[in-house]
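Remarks on the overall topology
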Amino acid sequence: MAKIINVIKGTKDILPQEIGQWHNLEQKALEIFTSYGYKEIRTPIFEATELFARGVGDTTDIVNKEMYTFEKSDRSLTLRPENTAGVVRSYIENGMSRLSPPVKLWYKGPMFRYERPQAGRQRQFHQVGVELFGIKQPAADAEVILLAVNYLNALGLNDLEVEINSLGCPECREEYKKKIKEVLKPEFDNLCEDCQNRYEKNPLRLLDCKVESCKTIFAKPEIQKVIQSDFICEDCAQHFAELKKYLDKMNVKYTVNKLLVRGLDYYNRTVFEIKSNNLGSQNAVCGGGRYDSLVRNLGGEDTPAVGWAMGMERLNALLPKCELSKLDAYIVSNSSIDALELAEELRKQGFNVEFDLSNKKFTKQLEKASKVAKYAIILGEDEIQKGQVSVKNLDTAVQETIDRKDLRSKLENVKNS
RNA sequence: GCGUCUGUCGUCAAGCGGUUAAGACCUCGGAUUGUGGUUCCGAUAUGCAUGGGUUCGAAUCCCAUCAGACGCCCCA
């Protein structure tokens, strides 16, 4: 036998027995997002590398170490590691800034990141997400979060925690970063290797470290004082306060997590995550926030925006498996040609029907029917001659012979019961 | 990129230095050429992720590689 070729590390087949879950996610997404006025958009799976470098940010791990980048006729192309940059690109390119705001878009599809696979993390994974363009008011932030919560509820997920935070605007955030670096400077040598890296790259992330020695450092009063201080400027604070007001009004339960910092460079002001306790260490099912400068950074007009993405594999991990549905009927017959004819007729009437393609014995056909279908339609020589069929309920073993013309209504009754 | 654990049939597995590599499920065939889901028989790994090594002898021990699970970093 020839050598087997395996799936690539960090990728997975989605098999027939799992597909029901995916259909469910996708159908509910269409339903709920549409009810909020969102339109689906499908952007290409690969884009110019520069889009992600400029969009996601070239200091991020995603861009620096995790992209699948390849060259083709002197162009550098990259498999999308996330879809906000692609949607923004399309928004700009297709002149959507001329549409009356808000412009609301949603998407679903595969994303690619070259990371070490683990629970809740693959190299090819799927996200659903929404992006809302053109509104700077906190009502937009609130609606977007509410949409996420409602989508999750519609899927049957209620046991989730919403965390929110405000990163401030570029101005007040710079101030904050400066203060953090200042107060930590004397401790720099005592920080773990990761934190020393983060000190320059992303001081905000420092505060989230899990290493014990770092935790003790961060617990010091003078450092806590800086962490806990409300660094954000008045405008940002007001925006955040209003957001909370909206969420309270809508009964969205949330906690403010001052250590919540999203790893993509484009976020400002509102950031949020929705977490589950049943997922292992990759516990965020949803992450998002406001990104008011991204459209401009990618060459469009100054356009405020908010959005989020959810990991579909992570959602599925929290949802019960769907049973594969059985066929309405399996035709048992020694005449393939008559069986085929009947099958086609029933399929056109909207029934799910199969029959034996390999001339198996009667008992084998019936055995097969009992495994895959709710009803067996027996089409033997007698029935063919008389223009009849025998319909057997495979659960109750009740069988009756009826005229072929009555078959449709018989099956319809069955389907509705 | 780093760390820990794990790779025996399509699936779940027993075996832990000398076995004919158990068993179960699935699949296929028969008992049973017009009545299934029960039952009973039978078939299905010359091979234990791959490549080296140790040994008289390796699925079992050692090394490397690959893959998987989980964690770190980071992220959905």
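Residues numbered from 1 in each chain as written. Chains lettered and ligands numbered in written order. Predicted model: local features only at pLDDT ≥ 70, side-chain atom pairs only at ≥ 80, totals over all residues. Heavy atoms only, no water.

A few points about the sheet that holds strand β12 (residues 327–332)
Within a sheet, adjacent strands bond to each other through the backbone by hydrogen bonds, running parallel or antiparallel. Stated precisely, the cut-off is as follows: Note on pairing: two strands pair once DSSP finds at least 2 bridges between them. The secondary structure listing takes helices from DSSP runs of H or I that are at least 4 residues long and strands from runs of E that are at least 2 residues long, numbered from the N terminus. Simply put, an axis is a line fit to the C-alpha atoms, just over the touching stretch for a helix, and the angle between two N-to-C directions goes from 0 to 180 degrees.
If you walk across this open sheet you meet the 5 strands as β13-β12-β14-β15-β16, and the pairing is mixed. Edge positions in the open sheet fall to β13 (353–355) and β16 (399–403), since each of these has one partner strand only. Neighbour-to-neighbour, the strand axes of the sheet open up by a mean angle of 30°, direction not taken into account. Note that strand β14 (residues 373–378) and strand β15 (residues 388–393) share 4 bridges and pair antiparallel. What sits directly across from Ala376, in β15, is Lys392.

Considering the side chain of Lys104
How we decide: Here a polar contact means two N or O atoms within 3.5 Å. Within protein one must be a hydrogen donor candidate and the other an acceptor candidate, and residues neighboring in sequence count only if both atoms are side-chain atoms. In this analysis, two residues are considered to be in contact whenever any of their non-hydrogen atoms come within 4.5 Å of each other.
Along the polypeptide, Lys104 turns up in strand β5 (residues 103–112). Here Tyr36 takes part through its backbone oxygen, which lies 2.8 Å from a polar atom of the side chain of Lys104. Dropping the residues within four chain positions of it, Lys104 is found in contact with Tyr36, Gly37, Tyr38, Lys39, Glu131, Leu132 and Glu143.

A look at the pairing of strand β10 (residues 284–290)
Which entries qualify depends on this criterion: The cut-offs for exposure are 20% and 50% of the maximum accessible area for each residue type, with area from a 1.4 Å probe on protein chains only; residues under the lower value are buried, those over the upper are exposed, and the others partly exposed.
Counting buried positions over the 7 residues of β10 gives 7, a clear majority of the element. Relative to β10, strand β9 (residues 268–275) runs antiparallel, the two sharing 6 bridges. Counterpart to Ile274 in the pairing with β10 is Cys286. Both β10 and strand β11 (residues 305–311) contribute to a ladder of 5 bridges, which runs antiparallel. Looking across to β11, one finds that Gly288 is bridged to Trp308.

Quick word on empty space enclosed by the protein
Put simply, the rule reads: Any residue with an atom within 4 Å of a point lines the site, the site being either a cavity, points on a 1 Å grid over the protein atoms alone where a 1.4 Å probe fits but cannot get out, or a pocket, an open set with protein on both sides within 12 Å along at least 5 of 7 lines. Grid points are joined across faces, edges and corners, and a volume is the space filled by probe spheres set on the points. Following the grouping adopted for this structure description, the nonpolar residues are Ala, Val, Leu, Ile, Met, Phe, Trp, Tyr, Cys and Pro, the charged ones are Asp, Glu, Lys and Arg, and the polar ones are all others, Gly among them.
For the structure on display, the rule yields 2 cavities of 30 Å³ or more. The space that makes up the largest cavity amounts to roughly 60 Å³. Estimates place the volume of the second largest cavity at around 40 Å³. In terms of lining residues, the second largest cavity is bounded by Ile331, Ser333, Asn334, Ser336, Ala339, Phe355, Asp356, Asn359 and Gln365. A class-by-class count of the residues in the lining of the second largest cavity yields 3 nonpolar, 5 polar and 1 charged.

Some details on the protein's contact with RNA strand B
To be explicit about the condition: Any residue with at least one heavy atom within 4 Å of a molecule or strand is counted as near it.
Around RNA strand B lies a shell of 51 residues, among which Arg113, Arg121, Arg198, Arg262 and Gly263 are the nearest. The sugar and phosphate moieties of RNA strand B supply 53% of its atoms located within 4 Å of the protein. Ala284 places a polar main-chain atom, nitrogen or oxygen, 2.8 Å from a sugar or linking oxygen of RNA strand B. Glu383 places a polar side-chain atom, nitrogen or oxygen, 2.7 Å from a base nitrogen of RNA strand B. Going through the elements one at a time, β6 (124–133), α7 (193–201), β10, β11, α14 (362–372) and α15 (381–386) are the ones with two or more residues in the surface near RNA strand B. Of the residues contributing to the surface near RNA strand B, the split by class is 13 nonpolar, 14 polar and 24 charged.

As for the confidence of the model for chain A
To be explicit about the condition: Values of pLDDT, ranging from 0 to 100, describe the predictor's confidence in every residue of the model.
Residue-level pLDDT values for chain A average 90, and 100% of them are 70 or greater. For chain A, helix α8 (residues 212–219) is the element with the lowest average pLDDT, namely 74, and strand β1 (residues 39–40) is the one with the highest, namely 98. Complex prediction metrics read pTM 0.90 and ipTM 0.87.

Concerning the sheet that holds strand β2 (residues 46–48)
Spatially, the 3 strands line up as an open sheet ordered β2-β4-β3, and their pairing is antiparallel. In this open sheet, the two strands that pair with only one neighbour each are β2 and β3 (68–72). Each adjacent strand pair in this sheet contributes to an overall mean axis angle of 35°, direction not counted. Here β3 pairs with strand β4 (residues 75–79) via 5 bridges, running antiparallel. Bridge assignment links Tyr68 to a residue of β4, and that residue is Leu79.

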